[in-house]
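Commentary on secondary and tertiary structure
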Amino acid sequence: MHELQLQQVLTEYECNQHRPVKLGKTTATVLKVSPETPEQEGYFIKIERCDSPYNLRHEWAALEHLNGSLDVPKVLSFSEIGDYHILRTMTVPGLPACDDQLISQPERLVRSVAKALRKIHSLPISAHRQFERHLAVSMAEALQRAQSGLVDMDDLDTERQHLTSAELIQQLHEMRPASEDLVATHGDYCLPNILLNPEDFALTGFVDLGYFGVADRYQDLALAEGSLRANLSGNWS
C-alpha cells in the first residue's frame, strides 16, 4: 500500500500506536492497533485493494454472518477509502497455531487443529447458502486469476513448479472430482488462521475468513495438510 494512502487510513481512524502484522501469505496490509488508555481495547485493521482477488467485503459479510455461531473476530467497521477496503475487527485471544510455543507439542497441536475444523464443518450448510464456494465458483475464479496473471508461480508445490498457469488450469479441469462433499468451510484453513490457548490448546478463534463458504470439505483438509507439513517435522498430517 502506498505510504500516503496508508497515512490517510491511519489518520482517519486515529491509529497512533500500531505495528504491522506479517503472518501467512495475505496480500492485505494488516496492522495491530494498541489501546492508548487502560479503558480501551486493541483491534486489528486490514487494508486491501478493492480490486484484489481477496475480497475483503466477503470477509466482512462472513464475519457478521458468523458472529454468535462461530469463534470469529467481532467487526468494528467496514469502509472504503479511495481504492481500498478497510476492515476493523476486535482482537481475539490466543496464539496462531504456527507459533513456536504450540508447534513444540505437535501431537496436541494436530488434535486441536482437527477438532477446530470439525467445529466449522459441523455448521448446518442450509444456514450459509449465500456463501457459495462450490467448484464451479472457485474454478471460475482460478481461471480469471490465471488469465489476469495473478497466479503466484513461485508458491507452487515441488511437483508443479515446472508448469505454466495454462497447464495448471488444464490439470485442474482434468482432476476435477465428479462430486463434492459439501460442508461449511473456512476456505483458507492454515495454521496462521487458527488461534489456540497456549495453556490447554483450546480453540479461541478463527481469522481470515475471506473464502468462507459452502464447499467441498477436502478443500479445508488439503490446506490443513499442506500447512501441517510446512510447519511440523515428521508425518503429522
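Residues numbered from 1 in each chain as written. Predicted model: local features only at pLDDT ≥ 70, side-chain atom pairs only at ≥ 80, totals over all residues. Heavy atoms only, no water.

Counting across every chain of the model gives three aromatic pairs. The interplanar angle of 5 degrees and the centroid separation of 4.5 Å between the aromatic rings of Trp 60 and Phe 78 together place this pair among those described as stacked. Pair noted here: Trp 60 is in helix α2 (residues 56–66) and Phe 78 is in strand β4 (residues 75–81), with a separation of 18 residues, a long-range link. Trp 60 gets classed as partly exposed once you look at its relative accessible area, which sits at 27%. Note that Arg 49 overlies the ring of Tyr 84, its terminal NZ or CZ placed 5.6 Å from the centroid. (Phe/Tyr/Trp six-rings, centres within 6.5 Å; stacked < 30°, edge-to-face > 60°. Helix = DSSP H or I, 4+ residues; strand = E, 2+ residues; numbered from the N terminus. Buried < 20%, exposed > 50% of the residue type's maximum accessible area, 1.4 Å probe, protein only. Lys NZ or Arg CZ within 6 Å of the ring centre and 35° of its normal.)

Right, let's talk about the packing of helix α5 (residues 135–147) against helix α6 (residues 165–174) for a bit. At a closest axis distance of 10 Å, the pairing of α5 and α6 adopts a crossing angle of 165 degrees. One finds that α5 runs roughly antiparallel with respect to α6. Where α5 crosses over α6, the two elements pack in a sense that is left-handed. The residues of α6 that touch α5, namely those facing Met 139, Ala 142, Leu 143 and Ala 146, are Ser 165, Ile 169, Leu 172 and His 173. Within the contact of α5 with α6, the residues separate by chemical class into six nonpolar, two polar and no charged. (Axes fitted to C-alpha atoms, helices over the stretch in contact; angles between N-to-C directions. Parallel < 35°, antiparallel > 145°, perpendicular 65-115°, else oblique. Left-handed = near helix turned anticlockwise from the far one by under 90°. Contact = heavy atoms within 4.5 Å. Nonpolar A, V, L, I, M, F, W, Y, C, P; charged D, E, K, R; others polar.)

Geometric descriptors of this kind do not, in isolation, establish any biological role.
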